[in-house]
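Descriptive structure summary
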Amino acid sequence: MNKKYVTFNYNNLYHLNKLYINNNMLEGRFDMSLYPALGSLYCPDNKLSEIYGGVVEEEISLIHCENNQLKLIDFRGTKNGCILGLLCKNNPNVVIYATVEDGTWDSSAKIYENY
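Now for a description of the structure that goes with this document. (Residues numbered from 1 in each chain as written. Predicted model: local features only at pLDDT ≥ 70, side-chain atom pairs only at ≥ 80, totals over all residues. Heavy atoms only, no water.)

1. Here we look at the pattern of salt bridges
Taken as a whole, this structure holds two salt bridges when the rule is applied. Among the ionic pairs, glutamate 50 bridges to arginine 29, the shortest N-O distance being 3.2 Å. Here arginine 29 lies in strand S2 (residues 27–31) and glutamate 50 lies in strand S4 (residues 47–52), a separation of 21 residues in the sequence. By relative accessible area, glutamate 50 is classed as buried at 10%. Arginine 29 sits in the partly exposed class, given a relative accessible area of 21%. Aspartate 74 is the partner of arginine 76 in a salt bridge, and the nearest nitrogen-oxygen pair spans 2.9 Å. (Salt bridge = Lys/Arg side-chain N within 4 Å of Asp/Glu carboxyl O. Helix = DSSP H or I, 4+ residues; strand = E, 2+ residues; numbered from the N terminus. Buried < 20%, exposed > 50% of the residue type's maximum accessible area, 1.4 Å probe, protein only.)

Here you go:
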């Protein structure tokens, strides 16, 4: 079965530092590598299935992604891979590949910091 990913790609936002996209019924994968200057992502109350870090070079100060349908948060392959703050409640069974300094998530989440 082929998975189809919807990616948010707005090339004119290359230098974007903070992004607020909460409560917009957004679905699919959010690819942070398209926004290499992005330091904070606020995307609660959507239907996102994945957040992908890609080649993000800076540490991420905050990802607020509560109340989505996240199955994967993947920062493998990033230069830093560090998320200073992660708010990820109400995403049962999410798998997280990242070094997280501080955060909240469901007890069913699986965290892999040394990948």
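2. Description of the nonpolar core
With 26 residues, the main nonpolar core has Leu41, Ile51, Ile63 and Ile73 as its most contacted residues. At the level of elements, S4 and strand S7 (82–88) are the ones that each hand at least two residues to this core. Broken down by element, the residue count for this core peaks at three residues, all from S7. Among residues more than four places away in sequence, those in contact with isoleucine 73 are Ile51, Cys65, Leu86, Cys88, Val94, Val95, Ile96 and Tyr97. (Core = buried A, V, L, I, M, F, W, Y, C linked by side-chain atoms within 4.5 Å. Contact = heavy atoms within 4.5 Å.)

Any functional reading would require information that these geometric values do not contain.
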